[in-house]
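Now for the letters of each chain:
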Amino acid sequence: MTSTVSAKPVSWKGKGKATNSEADFYDLNPMITYRLLHSRNLGVKDPLRVIALCDSDAFYAACEQIRLGIDPSRPLVVQQWDSLIAVNYPARKFGITRMEKIKEAKKKCPELVVVHVATYKEGEKEPGYWENPDTSTHKVSLDHYRRESMKVIRMFQEGLPSGEIEKASIDEAFIDFTRPVREEILRRYPYLSQVPVDAPNGADSPLPPPPPIMWDGLGTVLPVNAPSPVNSVIAVGAPGDQGISYDDSEGIDNGDDSTTWHDVALAIAAELMGKIRHDIHMKVGYTTSAGIARNKFLAKLTASYKKPNSQSILRNAAIPNYLRPLPFQKIRFLGGKLGKAIAEEYEASTVEEMQRKFGEESIWVYEILRGMDRSEVKEKSAVNKSMMASKNLPNPIMKASQGPHWIRVLAAELALRLREAREEMPALWPKTLVLHARQSYDASRSKQAAFPFTRDASVDVIASAGDKLWKELVGTDNSRTTPLKITNVALGFTGVGVMEVGQRSIDAFLKPTLTSKEARDARRDLVRRKSGSDGEAVPDRATYFVCNECGKRISLPGDLVGDGLEEVIVKEALEALRVEHTDFHYAQELSKELGDSVGSPRKFRPSSGEQTQQETKKRKPKQSGGIAKFFAAK
């Protein structure tokens, strides 16, 4: 069946007129024209938009299972202090849930494998899996999970170079398949690349009927007429492996005559998603579940339709019957206390009941209850502008002298995270170190200071800087006159970015200047060293340059010279120094031109006796009035 023009939105004047008709979902089958197909950058209004949410199955538990080489069929949980923060699917079969106590979980499954999350402790540069970690002396580390998460994200990026990928959390990401799917449609169906000469409305003519779709192997296609499931279904296996169950019996028949071009787009995205998920399992060992739909909101809901190790596809035609019986608290921003309050206030529990209560006046609720979501998939910057290590203290800090213990523990986490970030981008460096401390339920207080560049941001360097901030913020045991009861302490970097030489040091501008002869000799020496013509070893990297304008030898600061620093940093630093020095000459020329324009050079500080009494009168500052007077120097 060809795509048809969408029905116009129904205009309601109040809540009572919201109905349960298909008009609630008026944009499910928009007309796809040649113009729309050939257009680019339609954004969230693209009628062929396809978004996926891919979620790693029981991620923390899977990370530990792979790290320890444990059979994935064995029940395994990840422990944090006395509670569970991750339960794999074999353990869930025994009724074990997250946040359950260890003793209760082991009663349900005596063979349960329990792994405590890694922790930092004072004196150690890296987190470890210590025996009997204590919350009063240790701090939880999620660093291993962050590293494994980045492996998965990189595989998304490698598998879909033309798509947009937004990391939603440590174990899930949104993927915008719209662009690669559009490219694939034009490749598979080349007759769509040109507008037919006999098209009645030219580029605004609708596309011809789409070809039939074979959904076998693409995933679970949600049914058009059946209600959504209450509980997720457990499947076993991995994408592409024997034992995987891609059950599409609930969906539509192959070759269904209600197929639309958006269904074609969904099917292509499902192919691409399935391949990426298969590659992730084969290369790094993690199984994933995905939901594929028209927007982020529906993709998120669809991803949980069948878990683990599966992918589900929500056609536009299936949206109404999938949403109506769904508990509306499952919708993002409508859960928790807000969802409970709304349910009690409006005496509603399902999306269908909420649809009857809300008309167009409550536009956001109105749209989200009908599966409309205009939020974009935005790829986040590879550079986190801040890094923070925090600890809630079960035993509050009662003396200032107890602070350095936790400062050092937090410094170890910051040092590791900065080092790992610089492995990806060596020129990264934080501008500021900030310390936060909170007493009981009071607002947090903070202190910060510039973090200077050093060859190695070790635990000792960060802890030393943190101790200074602690003394400034909290004081010492002898200096305090009020009781101390700190329940949370956090140490972090802010302003993380690519280093700039000018922010690090001005040593280069304090180097002794060279005479003209020394400059010429330096140039000749540099040429010989680069060419190796004098038999000297060619240097691995230059650490200075000679300015053609002034003939001075401009060198990098001492902290950027040496074999221990990455070459890419030295090269970038030298180039930044060259640009900065060029700007210096430009500023001089500009100042000279401005001085010439008024007949004589400007003098920023006249010599003694040069000013006359009349000039002194002229230079007498004008009295400020109004708000300017408030800001005037006193």
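As shown above, the structure is provided for reference.
Computed from a prediction, not measured in an experiment: that's the story for all the values here.

## With respect to the overall build of the protein
And step 1. When helices and strands are tallied, the protein shows 19 helices and 19 strands.
And step 2. Taken across its 634 residues, the protein has 43% of its residues classed as buried.
And step 3. Contacts in the protein between residues at least 24 apart in sequence constitute 69% of all its contacts with a sequence separation of at least 6.
And step 4. Carbon together with sulfur atoms contributes 51% to the accessible area of the protein, which is approximately 34400 Å² in total.

## Quick word on unusual backbone geometry
And step 1. Geometrically, the link from Lys 307 to Pro 308 is a cis peptide bond, its omega value of -5° lying close to zero.
And step 2. Here Pro 308 shows up in the loop between α8 (296–303) and β11 (311–313).
And step 3. The phi dihedral of Ala 58 is positive, around 40°, even though this residue is not glycine.
And step 4. The topology assignment puts Ala 58 in the loop between β1 (51–56) and α2 (59–68).
And step 5. The backbone of Asn 309 sits at a positive phi, close to 55°, despite the residue not being glycine.
And step 6. Looking at the secondary structure, you find Asn 309 in the loop between α8 and β11.

## Topic: the pattern of salt bridges
And step 1. Throughout the structure, instances matching the rule amount to 20 salt bridges.
And step 2. For Lys 300, the salt bridge goes to Glu 172, with nearest N and O atoms at 3.0 Å. Here Lys 300 is found in helix α8, whereas its partner Glu 172 is found in strand β8 (residues 172–176), with 128 residues between them in sequence.
And step 3. Between Glu 184 and Arg 187 there is a salt bridge, with its nearest N and O atoms 2.5 Å apart. Of this pair, Glu 184 and Arg 187 are both found in helix α6 (residues 178–188), three residues apart, which corresponds to roughly one turn of the helix.
And step 4. Here Glu 184 falls in the buried class, since its relative accessible area comes to 18%.
And step 5. Salt bridges sharing partners connect three or more residues here, namely Glu 184, Arg 187, Arg 188 and Glu 271.

## Here's the deal with the nonpolar core
The nonpolar side chains of a soluble globular protein tend to be buried, and buried together.
And step 1. Core analysis: the biggest nonpolar cluster contains 59 residues, and Val 78, Phe 156, Phe 177, Ile 185, Trp 261, Met 273 and Ile 292 have the highest contact counts within it.
And step 2. Counting residues per element, this core draws most heavily on helix α7 (residues 261–284), which supplies twelve residues.
And step 3. Leu 428, Leu 473, Val 489 and Val 496 belong to the second-largest nonpolar core, a separate cluster that totals 38 residues.

## Description of the packing of aromatic side chains
Any aromatic ring pair is given by two values, namely how distant the centres are and how the planes are angled relative to each other.
And step 1. Using the criterion set out here, one finds nine aromatic pairs in the structure.
And step 2. When the centroid spacing of 6.4 Å and the interplanar angle of 50° are considered together, the rings of Phe 59 and Tyr 60 count as tilted. Each member of the pair, Phe 59 as well as Tyr 60, is classed as buried.
And step 3. Counting every residue linked through ring pairs, the aromatic cluster contains Phe 59, Tyr 60, Tyr 145 and Tyr 286.
And step 4. The ring of Tyr 129 carries the charged tip of Arg 67 above its face, separated from the ring centre by 3.5 Å.
And step 5. Over the ring of Trp 130 we find Lys 121, and its NZ or CZ is 4.3 Å from the ring centre.

## Quick look at the pairing of strand β15 (residues 445–450)
And step 1. Bridging between strand β14 (residues 432–439) and β15 involves six bridges; their strand directions are antiparallel. If you follow Ala 437 over to β15, its bridge partner there is Arg 445.
And step 2. Connecting the antiparallel pair β14 and β15 is a turn made up of five residues, with Ser 440 showing a positive phi of about 50°.

## Description of the sheet that holds strand β9 (residues 220–221)
And step 1. The sheet built from six strands is open, its strands ordered β7-β8-β1-β10-β11-β9 with mixed pairing. The sheet is open, and its two borders are formed by β7 (164–169) and β9, each paired with just one other strand.
And step 2. Relative to the sheet, α7 contacts β1, β8, β10 (288–293) and β11, its axis offset from that of β10 by approximately 165°.

## Some thoughts on the packing of helix α13 (residues 403–424) against helix α14 (residues 459–473)
And step 1. It is at 8 Å that the axes of α13 and α14 come closest, and there the two elements cross at 135°. With respect to α14, the element α13 is oriented oblique. Taken as a pair, α13 and α14 cross one another with a handedness that is right-handed. Contact residues: Gly 403, Pro 404, Ile 407, Arg 408, Ala 411, Ala 412, Leu 414 and Ala 415 in α13; Val 459, Asp 460, Ile 462, Ala 463, Gly 466, Asp 467 and Trp 470 in α14.

## Observations regarding the sheet that holds β15
And step 1. Strand order in this open sheet of four strands is β12-β16-β14-β15, and the pairing throughout is antiparallel. Strands at the two margins of the open sheet, each flanked by one partner only, are β12 (386–397) and β15. Taken over all neighbouring pairs, the strand axes of this sheet differ in orientation by 15° on average, direction set aside.
And step 2. Packed onto the sheet, α13 meets β12, β14 and β16 (486–494) and runs at close to 155° relative to β12.
And step 3. Contacting β12, β14, β15 and β16, α14 runs over the sheet at an angle of about 45° to β14.

## Description of α2
And step 1. Counting buried positions over the ten residues of α2 gives seven, a clear majority of the element.
And step 2. Each element contacted by the buried residues of α2 is listed here: β1, β2 (76–80), β3 (83–87), β4 (113–116) and α5 (143–159).
And step 3. Positive backbone phi, at 70°, marks Gly 69, one or two positions downstream of α2.

## Considering α6
One turn of an α-helix holds 3.6 residues; hence residues three or four places apart share an orientation.
And step 1. Regarding α6, the residues found buried are Thr 178, Pro 180, Val 181, Arg 182, Glu 184 and Ile 185.
And step 2. Lining the buried residues of α6 we find α1 (34–38), β8 and α7.

## Quick word on the pairing of β14
Within a regular beta strand, the side chains point alternately toward one face of the sheet and then the other, so they alternate between its two faces.
And step 1. Across eight bridges, β14 lies against β16 in antiparallel orientation. Bridged to His 436 within β16 is Ala 490.

## Re the environment of Arg 445
And step 1. Within the secondary structure, Arg 445 is located in strand β15.
And step 2. Separated by 44 residues in sequence, Arg 445 and Val 489 have C-alpha atoms that sit 9.8 Å apart.
And step 3. Once residues lying within four places of it in the same chain are set aside, the contact partners of Arg 445 are Leu 435, His 436, Ala 437 and Leu 473.

Calculation rules
- Residues numbered from 1 in each chain as written.
- Predicted model: local features only at pLDDT ≥ 70, side-chain atom pairs only at ≥ 80, totals over all residues.
- Heavy atoms only, no water.
- Helix = DSSP H or I, 4+ residues; strand = E, 2+ residues; numbered from the N terminus.
- Buried < 20%, exposed > 50% of the residue type's maximum accessible area, 1.4 Å probe, protein only.
- Contact = heavy atoms within 4.5 Å.
- Areas by Shrake-Rupley, 256 points an atom, 1.4 Å probe, with all protein chains shown as cover.
- Salt bridge = Lys/Arg side-chain N within 4 Å of Asp/Glu carboxyl O.
- Core = buried A, V, L, I, M, F, W, Y, C linked by side-chain atoms within 4.5 Å.
- Phe/Tyr/Trp six-rings, centres within 6.5 Å; stacked < 30°, edge-to-face > 60°.
- Lys NZ or Arg CZ within 6 Å of the ring centre and 35° of its normal.
- Pairing = 2+ DSSP bridges.
- Axes fitted to C-alpha atoms, helices over the stretch in contact; angles between N-to-C directions.
- Parallel < 35°, antiparallel > 145°, perpendicular 65-115°, else oblique.
- Left-handed = near helix turned anticlockwise from the far one by under 90°.

Purely geometric numbers; function is a separate question.
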